[in-house]
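# An overview of the molecular structure
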Amino acid sequence: MASAQIDYAEFYRRSIDDRDAFWGEQARLIDWHTPPARICDYDQPPFARWFAGGTTNLCHNAVDRHVAQRGEQAALIAISTETGSEKTYSYAELQREVQRMAAVLQSLGVGQGDRVLIYMPMIAEAAFAMLACARIGAIHSVVFGGFASSSLASRIQDAAPKVIVSADAGSRGGKVVAYKPLLDEAIALSPHQPGAVLLVDRGLAEAPMTAGRDHDWAALRAQHLDARVPCTWVDATHPSYILYTSGTTGKPKGVQRDTGGYAVALAASMRHIFQASAGDTYFCTSDIGWVVGHSYIIYGPLLAGMATVMYEGLPIRPDAGIWWSIVEKYRVTHMFSAPTAVRVLKKHDPEYLRKYDISSLRALWLAGEPLDEPTATWISDALRIPIIDNYWQTETGWPILTLCNGVQPQLSRFGSPGKAVYGYDVKLIDEASGAELTGPNQKGVLAIEGPLPPGCLQTVWGDDERFVNTYWKSIPGRLIYSTFDWGIRDADGYYFILGRTDDVINVAGHRLGTREIEECIAGHVAIAEVAVVGIADTLKGQVALAFAVPRDAGAVVEDAARLRLEGEVMKQVDAQLGAVARPARVLFVSVLPKTRSGKVLRRALQAVAERRDPGDLTTMEDPAALQQIKELVG
Ligand code: AMP
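Residues numbered from 1 in each chain as written. Predicted model: local features only at pLDDT ≥ 70, side-chain atom pairs only at ≥ 80, totals over all residues. Heavy atoms only, no water.

Time to look at the overall build of the chain. Scanning the chain for helices and strands turns up 19 helices and 32 strands. A compact globule built from 634 residues would reach a C-alpha radius of gyration of about 26 Å, and the chain, at 24 Å, matches this within 12%. Here the chain, with 634 residues, has 61% of them falling under the buried criterion. Long-range contacts, defined here as pairs at least 24 residues apart, represent 70% of the contacts in the chain between residues at least 6 apart. As presented, the chain carries roughly 23800 Å² of accessible surface, and 50% of it is formed by carbon and sulfur atoms. Distance from the positive charge centre (62 side chains) to the negative charge centre (72 side chains) of the chain: 1 Å. (Helix = DSSP H or I, 4+ residues; strand = E, 2+ residues; numbered from the N terminus. Rg over C-alpha atoms; globule rule 2.2 N^0.38 Å. Buried < 20%, exposed > 50% of the residue type's maximum accessible area, 1.4 Å probe, protein only. Contact = heavy atoms within 4.5 Å. Areas by Shrake-Rupley, 256 points an atom, 1.4 Å probe, with all protein chains shown as cover. Lys, Arg positive; Asp, Glu negative; His and termini not counted. Charge placed at Lys NZ, Arg CZ, Asp CG, Glu CD.)

Before going further, it helps to spend a moment on the nonpolar core. Core analysis: the biggest nonpolar cluster contains 123 residues, and Leu-105, Trp-398 and Tyr-422 have the highest contact counts within it. In terms of residue count, helix 5 (residues 124–136) provides more of this core than any other element does, eleven residues in total. Apart from residues no more than four positions distant in its own chain, Tyr-422 is found in contact with Tyr-8, Phe-11, Tyr-12, Ser-15, Phe-22, Trp-23, Ala-268, Ser-269, His-272, Ile-273, Trp-398 and Cys-404. In terms of nonpolar packing, the next biggest core, distinct from the first, is built from 32 residues, Phe-283, Trp-324, Leu-361 and Ala-376 among them. (Core = buried A, V, L, I, M, F, W, Y, C linked by side-chain atoms within 4.5 Å.)

Moving on: the site of the ligand. Contacts to the ligand come from 14 residues, most closely from Asp-389, Thr-394, Asp-485, Arg-500 and Arg-511. Between Gly-368 and the ligand, the recorded distance is 3.1 Å, taken from a backbone N or O atom to a nitrogen atom. A distance of 2.6 Å separates an oxygen atom of the ligand from a polar atom in the side chain of Thr-394. In the complex, the protein chains occlude 92% of the 500 Å² of accessible area that the ligand would expose alone. Of all the secondary-structure elements, those providing two or more residues to the shell around the ligand are strand 20 (387–390) and strand 27 (495–500). (Near = heavy atom within 4 Å. Polar contact = N/O pair within 3.5 Å; in protein donor to acceptor, adjacent residues only side chain to side chain.)

As annotated in UniProt, the feature "domain: Acetyl-coenzyme A synthetase N-terminal" (unreviewed entry) corresponds to residues 8–62 in the numbering used here. A helix fraction of 42% and a strand fraction of 20% characterise residues 8–62, whose end C-alpha atoms lie 28 Å from each other. (UniProt positions renumbered as here; feature names shortened; annotations may be inferred.)

Glancing now at the sheet that holds strand 27. With antiparallel pairing, the four strands of this open sheet are ordered in space as 23-24-26-27. In this open sheet, the two strands that pair with only one neighbour each are strand 23 (425–429) and strand 27. Taking the axes of each pair of neighbouring strands and ignoring which way they run, one obtains an average angle of 45° across the sheet. One ladder, built from four bridges, connects strand 24 (residues 444–449) with strand 26 (residues 481–489); its direction is antiparallel. Note that in strand 26 the partner of Val-445 across the bridge is Trp-486. Against the sheet, helix 15 (residues 464–472) touches strand 24 and strand 26, its axis set at about 20° to strand 26. (Pairing = 2+ DSSP bridges. Axes fitted to C-alpha atoms, helices over the stretch in contact; angles between N-to-C directions.)

Taking 1.5 Å of rise per residue, 13 residues should cover 18 Å, and helix 9 (residues 260–272) covers 18 Å from first to last C-alpha, within 8% of that figure. Taken across its 13 residues, helix 9 has twelve buried, putting it largely inside the fold. (Expected span 1.5 Å × (residues − 1).)

The pairing of strand 9 (residues 169–172) with strand 10 (residues 175–178) spans four bridges and is classified as antiparallel. If you follow Ser-171 over to strand 10, its bridge partner there is Val-176. Hairpin connection of strand 9 to strand 10: two residues between the antiparallel strands, including Gly-173 at a positive phi of 60°.

What follows deals with the packing of aromatic side chains. Summed over all chains, the structure comprises 37 aromatic pairs. Taking 5.3 Å as the distance between ring centres and 80° as the angle between the ring planes, the aromatic pair formed by Tyr-241 and Tyr-262 counts as edge-to-face. Here Tyr-262 lies in helix 9 and Tyr-241 lies in strand 14 (residues 241–245), a separation of 21 residues in the sequence. Summarising the burial analysis for this pair, Tyr-241 and Tyr-262 share the class buried. Measuring from ring centre to ring centre gives 6.1 Å for Phe-467 and Trp-472, while their planes differ by 65°; the resulting arrangement is edge-to-face. One exposure class covers both Phe-467 and Trp-472, and it is buried. Among the aromatic residues, ring-to-ring pairing joins Tyr-8, Phe-11, Tyr-12, Phe-22, Trp-23, Trp-32, Trp-50, Phe-51, Trp-398, Tyr-422 and Tyr-424 into one connected group. Between the NZ or CZ atom of Arg-155 and the centre of the ring of Phe-147, over which it lies, the distance is 4.7 Å. (Phe/Tyr/Trp six-rings, centres within 6.5 Å; stacked < 30°, edge-to-face > 60°. Lys NZ or Arg CZ within 6 Å of the ring centre and 35° of its normal.)

See the structure below:
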């Protein structure tokens, strides 16, 4: 087991060269009902079966095992500045609530291996639902509350949940967003029908109930107040959850995570990356709809016996001091956020940070998108604590690159998320030849040699072939996992991320597939063709920009008509995908720049929109197409 002052290079090397011994030791960080028979079964690459033969339970490890020692200690601190509510659940109380939820789910027919879709705002009941699923061996699929009906429908169809847990509404910036009508519409759109809907009524919005299908949480909870639901011991390789993420096609991929590997990976990360101990308090500002929320709002901190803060609200409401007032009040020790949120705070007076006693805070971790220098410097000057960048993906579930200061404190290097994290055999690969780039400062595709470490995706839900073809076959002649990010490594092993190799964009730390947005816009009756690209944005990192060819050119001649159509297209994206995917602008053009083979030149479009040189255009069919775009973007 690691203690401070071990040489990190040695620690890392052992994790790769003596994999089973290394992870066998880490596995002791969690409780097992049956210890694993094998540490890593990699008999069928690229499918890794971590801790095969072992049985365990994620909820036992996150909740029950702490109750005897720290039953009265805070486990979950649920704060909403949207509704003005604030409630702390001790480990003992959390255990009781989770058992009530587990009993209710069982009463609705949920058993081991069944899927439960969770479409919820950031309220404590969402955490109860996730943990309750883990408790009874059901597989949860949390869908971000900001997604609208058609995104939700495709996830309902793919995961085929037995039960959907939802709420009447979420709230953002004081504006109530009714969830139930979106959910009803999504269920109507989906060929798969859930057996039941369990609804948490917050009293925020009308929530018409469908008789026989919809159930009220408060009423069912009252019937199960004294429920005792034992943890179901499941195989280490039993799926714990599905989390959908965007890719280059319109169909979202269900990242499937195991149980034992995930528990071990997170427990180890709490120690070696976050230097966290039981009794510390973790405040991760993400949302349970994203992977960061799964790993570092819910499971990671609870596995470590910490208190975790679940926050519903904006970082600037009632004012830009709200986060720091939470840090002061709850003596938060660890904070995790995204650069985009810091950029939002940066527009406000730094005095807000000085108003509160934040001396309990030891470090701030940022992830999800590149950390730019002005943002890093501003927050570092304001907080005067280490700001630690970390790079990972929905697929991996925990950091690939960062500084493992819990193993050996290391200096950060500006613009770099850090070094390869133990367990990840990170390589830079030449995209064309598949050769490994071993020298310093060479640009290549950031790839990971199999097996992926514990905690990473097992497969794509219901589609092993897609898992292999998407992630493991993109580099010629090699079975190696591609992150689809460009990177370089300096002579000291620090990596630098240089952007995506595919059509995925990153808006405010959230991954969006441009194809998904294009498919939605192309569905509008007035649109003939569309291309969506991501362009640099000072606040959100990137924003989506749509170039649309109207069916009737005359329809966009008048300013008012053009604005109306732009508004309609945006509304369609809001309604089908959710406001997160809404393009910043929809610009109407008469033709899209294409190659002679008919492929839209997205890179050229993006370059022109960012006022850069579009580069080599010899394959372009109609060079005049870009001229119109240059004029439009100014
Ligand atoms: P997601 O799966 O939505 O978390 O998106 C993962 C993608 O976000 C990665 O493949 C990167 O393109 C980007 N990303 C995440 N963290 C970082 C980081 N620290 N620096 C640069 N890019 C990042």
